[in-house]
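# Geometric and topological summary
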Amino acid sequence: MTKLALIRHGHTPWNRAGKIQGRTDIDLDPDAIKELQGYKLPLEWQSTNLVASPLTRAKQTAKIIADRPAELIPCLIEMNWGDWEGLRGIDLKADPDSGFRDIEDWGWDYRPPHGESPQEVWDRIAPWVMNLKTDTIAVCHIGIMRMILAKAYDWNFKGPAPFKVKRNRLYTLEIKDGVHILDPAPIRLEVR
């Protein structure tokens, strides 16, 4: 059995403004850096293999909470939101012609204009996830976490999600004949 822990990067200015980031490379904001400097990985995870998305916000988060740089894994880059990157979800939702839908109404084939569907994201990350051989912490993005957690919970992006992705928490999975929830309660980062 191989364990995989997922953690979402800290806040960016675009997160705070409600903008869709996708693959746009935005740094953490100063408040996020200060907040993350007050946390560290739980003791039992401190020497675990550390990887991150190649986007700056994930690399910065990994370095701060682990006190070491992460190995960059290209497939962990965030979902491509295409034409909607830089726009606010609330504005897209208010426009009936935008095609924007809440996550509960996506299904695996929902695709933003010129972006990626959840299925395409899963197809991109599945070979890496399913071939893990060592326990690993992945600092990544909410989109990547949603795809992996959806598989673990057997959720098809229809109806309410059986999980909530919060910051400063490890979501632990077991990789063995598929992706399975190791513990449904996320593990909080420790205070320094």
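Structure: see above.
Residue numbers here run from 1 along each chain, matching the order of that chain's written sequence. In view of the model being predicted, local features appear only for residues whose pLDDT reaches at least 70, and side-chain atom pairs are presented and counted only at 80 or more, with totals across whole chains, interfaces and linings using the full set of residues. The side-chain values count all of the structure's non-hydrogen atoms but skip hydrogen atoms and water molecules.

To continue, consider the layout of surface pockets. By volume, the largest pocket is sized at about 590 Å³. Contributing to the lining of the largest pocket are 26 residues, with Ile-20, Trp-81, Phe-100, Ile-142 and Arg-146 lying nearest its centre. Elements are defined by DSSP. Helices are runs of H or I of four residues or more, strands are runs of E of two residues or more, and each kind is numbered from the N terminus. Every element with two or more residues in the lining of the largest pocket is listed here: α1 (13-17), α4 (89-94) and α6 (142-153). In this classification, the charged set is Asp, Glu, Lys and Arg, the nonpolar set is Ala, Val, Leu, Ile, Met, Phe, Trp, Tyr, Cys and Pro, and all remaining amino acids, among them Gly, are polar. Its residues placed into classes, the lining of the largest pocket shows nine nonpolar, eight polar and nine charged. The method works on a 1 Å grid over the protein atoms by themselves. A cavity is a set of points holding a 1.4 Å probe that cannot get out, a pocket is an open set with protein on both sides within 12 Å along at least five of seven lines, and residues with an atom within 4 Å of a point line them. Grid points are joined across faces, edges and corners, and a volume is the space filled by probe spheres set on the points.

Now for the nonpolar core. Formed by 40 residues in total, the largest nonpolar core has its most connected members in Leu-4, Leu-6, Trp-128 and Ile-148. When residues of this core are traced back to their parent elements, those giving at least two are β1 (2-8), α5 (118-130), β5 (136-140), α6 and β6 (169-175). Among the elements that line this core, the one with the most residues is α6, at eight residues. Apart from residues lying up to four places away in sequence, Ile-148 is in contact with Leu-6, Trp-122, Ile-125, Val-129, Leu-173 and Val-179. Buried Ala, Val, Leu, Ile, Met, Phe, Trp, Tyr and Cys residues form a nonpolar core when they are joined through side-chain atoms within 4.5 Å. Here's how the labels work: a residue is buried when its accessible area is under 20% of the maximum for its type, exposed when over 50%, partly exposed in between, all with a 1.4 Å probe on protein chains only. Formed by 19 residues, the second largest nonpolar core is a distinct cluster that contains Leu-28, Ile-65, Ile-137 and Leu-170. By definition, residues are in contact when any of their heavy atoms lie within 4.5 Å.

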